[in-house]
Amino acid sequence: MGDPTAHGRTFFPARTGGPAPGGSPNRTRRRRPRPGSVATHLVLSLGALVMIFPFCWQLLTALKSLAEVSRVPPTFLPEDWKWSSFDEVFTALPFREMLTNSAINTVGRTAGQLVFCSLAAYAFARMRFKGRDLLFGLFLSVLMVPSSLLVLPQYDIIQSFGLLNSAPALFLPGMFSAFGTFLLRQAFLTLPRELEEAARIDGAGSFRIFWSVMLPLIRPALAALAVITAMAAWNDLLWPLIVNTDPEAMPISAGLTSLEGQYETNYPVMMAGSLIASLPMLLVYVFLQRHFVQSVAASGVKS
């Protein structure tokens, strides 16, 4: 060992921590918010308030009396908080039956699109067959056709099957969509082909590869399609009003329209029913929003 003071220099161990030279040990450095970040948060907060305001107004309207709702100028907060409108909804309508019909319609459409659209999307994305691109172009052309033009032929088909005023009449025409096929095809295209090749070497067939290897990898896209389809089915109005005229066979979206009278509308009761009807879709989106955002962000990565 040599002398640490040799050659006129003294060696000390390197510092591993502690305050900077000339600094105070109790002083912490705080980052000042950037103007761009503050502006972004202000804009997002304003957008959130704009989105939340209709739900707040809906709730406050449901808690007002009919005379207070009709007052001009309108009042923001109710003078007398009335909760009776939520009870009147269940007496003015067969509300439980309508909620059940809406649930059946939503589950039937969503399950059908997840099954049929995923099978079609896998075939268009991963299989090679003659006329594949032409057939897929025809599928996409359906997106340019307004859905209202399909009401009459779909009604004739449901009537010929004798399914009017029934639960299957609500969801059968909506169990497949060109949009769902396109969305899932984009998700399948982002997966590497090495996964399929490795599965085929292990002896897996096409359906086994689809079900056990590829389908679990596109769960965000499946969740996004489930959210979009569920919301569209739950809020559908035109088709249920045409195909199911019996109040007990209507979904809640069509049943709430019957609360609108010719000369007077009970807006507190209507707002109470609309608020109850919107809660299931809010819960679905809250639980699946992470997958929804991931799928929308990655849906156009590869075409």
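Residues numbered from 1 in each chain as written. Predicted model: local features only at pLDDT ≥ 70, side-chain atom pairs only at ≥ 80, totals over all residues. Heavy atoms only, no water.

Caption draft 1: Molecular detail of the overall build of the chain. Check the secondary structure of the chain and you find 14 helices and zero strands. What you see in the chain, going N to C, is helices and strands ordered as α-α-α-α-α-α-α-α-α-α-α-α-α-α. Only carbon and sulfur atoms are counted for the fraction: they give 65% of the accessible area of the chain, which is about 19,700 Å². (Helix = DSSP H or I, 4+ residues; strand = E, 2+ residues; numbered from the N terminus. Areas by Shrake-Rupley, 256 points an atom, 1.4 Å probe, with all protein chains shown as cover.)

Caption draft 2: Highlighting the layout of surface pockets. In this structure, the largest pocket encloses a volume near 770 Å³. If you trace the largest pocket, you find 26 residues lining it, with Arg109, Ser147, Gly174, Phe176 and Ser177 closest to the centre. Mapped by element, the contributors of at least two residues to the lining of the largest pocket are helix 4 (95–126), helix 6 (151–160), helix 8 (178–189), helix 11 (219–235) and helix 12 (238–243). Looking at the lining of the largest pocket, the element that brings in the most residues is helix 11, giving five residues. Split by residue class, the lining of the largest pocket holds 17 nonpolar, seven polar and two charged. In this model, the second largest pocket occupies a volume close to 320 Å³. Forming the walls of the second largest pocket are Met51, Ile52, Phe55, Met231, Trp234, Asn235, Ser278, Met281, Leu282 and Tyr285. Secondary-structure elements contributing two or more residues to the lining of the second largest pocket are helix 1 (35–62), helix 11 and helix 14 (267–298). For the lining of the second largest pocket, the element with the highest residue contribution is helix 14, accounting for four residues. Considering only residue class, the lining of the second largest pocket consists of eight nonpolar, two polar and no charged. (1 Å grid on protein atoms, 1.4 Å probe; cavity = no way out; pocket = protein on both sides within 12 Å on 5 of 7 lines; lining within 4 Å. Points joined across faces, edges and corners; volume = space filled by probe spheres on them. Nonpolar A, V, L, I, M, F, W, Y, C, P; charged D, E, K, R; others polar.)

Caption draft 3: Spatial organisation of the confidence of the model for the chain. On average, residues of the chain carry a pLDDT of 84, and 84% of them reach 70 or more. Between residues 4–12, whose pLDDT stays under 50, and residues either more than four places distant or in other chains, the model counts four contacts. (pLDDT = per-residue confidence, 0-100. Contact = heavy atoms within 4.5 Å.)

Caption draft 4: Spatial organisation of the packing of helix 4 against helix 8. Between helix 4 and helix 8, whose axes approach to 8 Å, the crossing angle comes to 50 degrees. It follows from the interaxial angle that helix 4 and helix 8 lie oblique. Of the two elements, helix 4 crosses helix 8, and the hand of that crossing is right-handed. Here Cys117, Ser118, Ala120, Ala121, Tyr122, Phe124, Ala125 and Arg126 of helix 4 lie close against helix 8, whose contacting residues are Gly180, Thr181, Leu184, Arg185, Phe188 and Leu189. Here the residues of the contact of helix 4 with helix 8 sort into nine nonpolar, three polar and two charged. (Axes fitted to C-alpha atoms, helices over the stretch in contact; angles between N-to-C directions. Parallel < 35°, antiparallel > 145°, perpendicular 65-115°, else oblique. Left-handed = near helix turned anticlockwise from the far one by under 90°.)

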